[in-house]
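Each chain is listed here by its residues.
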Amino acid sequence: PVDLAGLGWALPCWVLLAAFAYGLALALATIRVFVPDAAHVVPQLTALWFYLTPIFYPIAIIPASLRGAVEANPMTAFASLFRHALLGEPVDLGRALLVASLATLAALALGGFAFRRAARHFEDFL
């Protein structure tokens, strides 16, 4: 059942996730211009990333020896925030928000930097 009281958390989660995706898209678009074969690799990596993120399974079923690696995945923080907002599952909100925010800032900074730095060379490679 959906926890309607937690829907207030969903909007900030969506905003953070959209900004993270935008930063990631800037970086991947820049790579795609200079490495044409990236178009074949990115969907495969995205599918792998999807299965390594606890979206359809709870993080509790992951063995303790692998849990640290899964928690290092920035999408795990986003998934935890959405689980809390929509399903009312308990989560360390401070940690999840911190990880999601830092991942978003890093993606925006790196993606924006790469795109601005390489943009003047795009016409040479397209």
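Above this text sits the structure in question.
My aim in this report is to walk through the structure given alongside it, one point at a time.

This part is about the overall build of the protein chain. Of the regular secondary structure elements, the protein chain holds 6 helices and 0 strands. Secondary structure elements of the protein chain occur, N-terminal to C-terminal, as α-α-α-α-α-α. Overall, the protein chain is about 50 × 30 × 25 Å in size when its C-alpha atoms are taken along their principal axes. Across the 126 residues in the protein chain, those meeting the buried criterion constitute 29%. Contacts in the protein chain between residues at least 24 apart in sequence constitute 69% of all its contacts with a sequence separation of at least 6. Taken as a whole, the protein chain presents about 8200 Å² of accessible surface, with 73% of it coming from carbon and sulfur. Where the 7 positive side-chain charges of the protein chain centre and where its 7 negative ones centre are 6 Å apart.

With that settled, the discussion passes to the packing of helix α1 (residues 7-34) against helix α5 (residues 93-118). Two measures define how a pair of helices packs: the angle their axes make with one another and the distance between the axes. Look at α1 against α5: their axes get within 8 Å of each other, and the N-to-C directions meet at 30°. It follows that α1 is roughly parallel to α5 by the angle criterion. Handedness of the crossing formed by α1 with α5: left-handed. For the contact of α1 with α5, a count of residues per class yields 18 nonpolar, 6 polar and no charged.

Let us look at the environment of Phe 113. The topology assignment puts Phe 113 in helix α5. Through-space distance from the C-alpha of Phe 113 to that of Gly 23 is 9.6 Å; in sequence the pair is 90 residues apart.

A few words now on α1. Given a rise of 1.5 Å per residue, 28 residues ought to cover 40 Å, and the 41 Å separating the end C-alpha atoms of α1 matches this to within 8%. Looking only at α1, the buried set comprises Ala 10, Cys 13, Leu 16, Leu 17, Ala 19, Phe 20, Gly 23, Leu 26, Thr 30 and Val 33. Among the structural elements, α2 (38-51), α4 (74-87), α5 and α6 (122-125) are those in contact with the buried residues of α1.

Conventions used here
Residues numbered from 1 in each chain as written. Predicted model: local features only at pLDDT ≥ 70, side-chain atom pairs only at ≥ 80, totals over all residues. Heavy atoms only, no water. Helix = DSSP H or I, 4+ residues; strand = E, 2+ residues; numbered from the N terminus. Buried < 20%, exposed > 50% of the residue type's maximum accessible area, 1.4 Å probe, protein only. Contact = heavy atoms within 4.5 Å. Areas by Shrake-Rupley, 256 points an atom, 1.4 Å probe, with all protein chains shown as cover. Lys, Arg positive; Asp, Glu negative; His and termini not counted. Charge placed at Lys NZ, Arg CZ, Asp CG, Glu CD. Axes fitted to C-alpha atoms, helices over the stretch in contact; angles between N-to-C directions. Parallel < 35°, antiparallel > 145°, perpendicular 65-115°, else oblique. Left-handed = near helix turned anticlockwise from the far one by under 90°. Nonpolar A, V, L, I, M, F, W, Y, C, P; charged D, E, K, R; others polar. Expected span 1.5 Å × (residues − 1).

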